[in-house]
Amino acid sequence: MTIRTRFAPSPTGYLHIGGVRTALFSWLHACHNGGQFVMRIEDTDRLRSTQASVDAILEGMQWLGLDWDEGPFYQTQRFPRYTEVINELLEHDLAYPCYCSREALETMREQQKAAGIKPRYDRRCRDRTAPPPPGVEPVIRFKNPLEGAVEFDDVIRGRIVISNQELDDLIIARPDGTPTYNFTVVVDDMDMAITDVIRGDDHVNNTPRQINIFNALGAQAPRYAHVPMILGGDGKRLSKRHGAVSVLEYREQGFLPEALLNYLLRLGWSHGDQEIFSREEMVDLFDLGTVNHSASTFNAQKLVWLNEHYIKTGDLTDKVARFGEMLAADGLNLEHGPAVRDVYEVQMERAKTLVEMVEKSRVFYTPFPGFDEKAAHKYLKLVVAEPLEALRNRWQRLPDWRAEPIHDVLKQFVAETGIKFGKIAQPVRVAITGTAVSPALDKTLWLLGQEQSMQRLSHALAWIRSRESG
RNA sequence: GCUCCCUUCGUCUAGCGGUUAGGACACCGGCCUCUCACGCCGGUAACAGGAGUUCGAUUCUCCUAGGGAGCGCCA
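Predicted, not measured: the structure shown is a model, and the values here were computed from it.

Trainee: Quick question: what am I supposed to make of the packing of helix H11 (residues 317–329) against helix H13 (residues 354–361) here?
Mentor: Axis angle and axis distance: for two packed helices, these are the angle between their axes and the distance between the axes, and together they describe the pair. Packing of H11 against H13 brings their axes to within 10 Å, and their N-to-C directions diverge by 55°. For the element pair H11 / H13, the angle class is oblique. The two elements H11 and H13 meet at a crossing, and its hand is right-handed. Contact with H11, carried on its side by Arg322, Phe323, Met326 and Leu327, involves Leu354, Val355, Met357, Val358 and Ser361 of H13 and no other residues of that element. Looking at the contact of H11 with H13, its residues break down into 7 nonpolar, 1 polar and 1 charged.

Here it is as structure tokens:
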């Protein structure tokens, strides 16, 4: 039987880190086994579901390259099917209408809590024989077995047993006939022939209910694998309080999909001491059964480390393209300046994110930004004016404006004049970038271009002389 | 409150009865060096507690503590 997994988010919010990891594990499990991955949107909550969320989820999945074989299916388009199954259940006396009001249910729960017992529906309508009260549209409840226990072997956690006495008769349809979650998942997983349900462990308590519905429907329940939660830095479940929620936010912040995926893979799963996994290795090595049992804390610093790694590793094409987009989005005119790829290759050793890279690269695409006061004060002194000018003149005559010859000129200048490398390098750096920090000097000059470099050096010289004399 | 689940350095983790308890991020030193980084070398740091089982427990069992999840006409 071919393995079929699915990712079934509800579009009531954005796709966040926890969801992405569940999606990744589902995708990997399908790929690893040569199976299929299905995308399904659980939008039965029409009040909270939004198209914007659907779009963000799908876009996030695409950005990460978690492509699906089937779907996306929308539950709101399957209502006739759910109604059909509900009627089937009703006919076979496996479900029943319940006329209890929300208020009555609420007071019942409060009484139960006060009595120290688990709040759950007391089944008062299960064996109701009285005629339906007029004017009340009932909900439909599933007849959960009264005795026995549900046992299942979680792929990750092993055997889990829950007594039916812990379970009440859950509502499967609202008064208006719209179905509810625990019911639609079952119908969908059944109809879509899902073999392996991989989801967050906040669903373990729902699993026995769903298995009971599968049984009532005479269908074989899938295998279940409950992955542990991801916690925020405060040890609490990851939520909107922990910074960037949407995966797309990570894209905006300059993270690479391969970094995010690699990070998430290692959160709860490992392969010996290996930290870096290519997409092929992930698919090849991933094993659902060896996923950890315990929740793990999200650590942004390690994500950053992986991002640094992927910024400078592997094929650069996509990353350079993305970098170019971000430079343009920053309002920079890429026509006037060095090739984006050249800048990328120079900056990739020193940027943690693409956003940081953009910030550090503005200097190549804008007019001289002016001097950082502290840097200028420290390095642009009158004593350097003369050597700076001499050096400028040598560079001015350089016919081949590439990093290597630029560096040769500097080396020769230092050798001939006896000026220490460090004594002249920083003044040049400040002169051309305005700050004391930049990539290697020869590379910086090269990227800036000869004309621009000469202009800035002249400007700096004039600035030094006017400052010292004035 | 009830039910279910979890517990190795600060964090992510390796371990699958006998190890100086390993790796990674972060942190702290050092080297490299034209700045910032990269890189390299080194260091600090953990088996929640208690009973068993066993010649021997991080590893197996139970209890306690702590943490998480669920108990919706949300998914």
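Trainee: Any chance you could explain the nonpolar core here in plain terms?
Mentor: Side chains that are nonpolar tend, in soluble globular proteins, to be buried together. Of all hydrophobic cores here, the largest spans 100 residues; its most connected members are Leu24, Phe25, Met61, Leu260, Leu265, Tyr344 and Trp395. For this core, the element with the most residues is helix H1 (residues 17–32), which contributes 8 residues. Those residues in contact with Leu265, other than ones at most four positions away along the chain, are Leu24, Phe25, Leu28, Phe277, Met282 and Phe286.

Trainee: Help me understand the protein's contact with RNA strand B, please; the structure alone is not making it clear to me.
Mentor: If you check the shell around RNA strand B, you find 57 residues, and the closest are Gly116, Arg157, Arg174, Gly268 and Ser438. What you see for RNA strand B is that sugar and phosphate hold 69% of its atoms within 4 Å of the protein. At 3.3 Å from a sugar or linking oxygen of RNA strand B is found a side-chain nitrogen or oxygen belonging to Glu166. Contact distances for RNA strand B include 3.1 Å between a sugar or linking oxygen and a side-chain N or O atom of Lys312. If you list the elements that add at least two residues to the surface near RNA strand B, you get helix H4 (102–114), strand S12 (296–297), helix H10 (300–311) and helix H17 (421–433). At 5 residues, H17 tops the list of elements feeding residues into the surface near RNA strand B. Per-class residue counts for the surface near RNA strand B are 15 nonpolar, 21 polar and 21 charged.

Trainee: What's the story with H10 in this structure? I'm lost.
Mentor: Residues three or four positions apart in an α-helix share a direction because the helix packs 3.6 residues into each turn. Here H10 is 12 residues long and its end C-alpha atoms lie 16 Å apart, about the 16 Å a rise of 1.5 Å per residue gives. Within the span of H10, buried status applies to Leu303, Val304, Leu306, Asn307, Tyr310 and Ile311. Down the axis of H10, the buried set is contained in an arc of 165°. They therefore lie on one face. Considering only its buried residues, H10 is in contact with helix H7 (247–252), helix H8 (257–266), H11, helix H12 (340–347) and H13.

Trainee: Whenever I open this one, the side chain of Arg429 confuses me. Can you help?
Mentor: Counting through the fold element by element, Arg429 comes out in helix H17. The side chain of Arg429 sits in the buried core without any salt bridge; Asp442 is the nearest counter-charge, 7.3 Å away. One polar contact links the side chain of Arg429 to the main-chain carbonyl oxygen of Pro439, over a distance of 3.0 Å. Leaving out residues up to four positions away in the same chain, Arg429 has contacts with Gly434, Thr435, Ala436, Val437, Ser438, Pro439, Ala440 and Leu441.

Trainee: How should I be thinking about the packing of helix H5 (residues 181–191) against helix H6 (residues 207–216) in this particular structure?
Mentor: Remark: H5 packs on H6, axes separated minimally by 9 Å, with the N-to-C direction vectors making an angle of 55°. Between H5 and H6, the angle falls in the class oblique. Crossing handedness for the pair H5 and H6: right-handed. Only Arg209, Gln210, Ile213 and Phe214 of H6 make contact with H5, whose side of the interface consists of Tyr181, Asn182, Phe183, Val185, Val186, Asp189 and Met190.

Trainee: Please clarify how the pairing of strand S10 (residues 223–227) should be interpreted in this entry.
Mentor: Remember that side chains alternate between the two faces of the sheet whenever the strand is regular. With 4 of 5 residues buried, S10 is to be regarded as a mostly interior element. Bridge count for strand S9 (residues 196–200) against S10 is 5 bridges, and the pairing is parallel. Across the sheet, residue Gly200 finds its bridge partner in S10, namely Val227.

Trainee: Quick question: what am I supposed to make of a positive patch on the surface here?
Mentor: A grouping of Lys374, Lys378, Lys381, Lys420 and Lys423 is seen on the molecular surface, where their side chains present a positively charged patch. Note that Lys378 resides in helix H14 (residues 373–379).

About the thresholds
Residues numbered from 1 in each chain as written. Chains lettered and ligands numbered in written order. Predicted model: local features only at pLDDT ≥ 70, side-chain atom pairs only at ≥ 80, totals over all residues. Heavy atoms only, no water. Axes fitted to C-alpha atoms, helices over the stretch in contact; angles between N-to-C directions. Helix = DSSP H or I, 4+ residues; strand = E, 2+ residues; numbered from the N terminus. Parallel < 35°, antiparallel > 145°, perpendicular 65-115°, else oblique. Left-handed = near helix turned anticlockwise from the far one by under 90°. Contact = heavy atoms within 4.5 Å. Nonpolar A, V, L, I, M, F, W, Y, C, P; charged D, E, K, R; others polar. Core = buried A, V, L, I, M, F, W, Y, C linked by side-chain atoms within 4.5 Å. Buried < 20%, exposed > 50% of the residue type's maximum accessible area, 1.4 Å probe, protein only. Near = heavy atom within 4 Å. Polar contact = N/O pair within 3.5 Å; in protein donor to acceptor, adjacent residues only side chain to side chain. Expected span 1.5 Å × (residues − 1). Arc of directions from axis to C-beta. Lys, Arg positive; Asp, Glu negative; His and termini not counted. Salt bridge = Lys/Arg side-chain N within 4 Å of Asp/Glu carboxyl O. Pairing = 2+ DSSP bridges. Patch = residues over 30% accessible without salt bridge, like charges linked within 9 Å, V, L, I, M, F, W, Y side chains within 5 Å. Areas by Shrake-Rupley, 256 points an atom, 1.4 Å probe, with all protein chains shown as cover. Charge placed at Lys NZ, Arg CZ, Asp CG, Glu CD.

Such coordinate-based values are descriptive only and should not be taken to indicate function.
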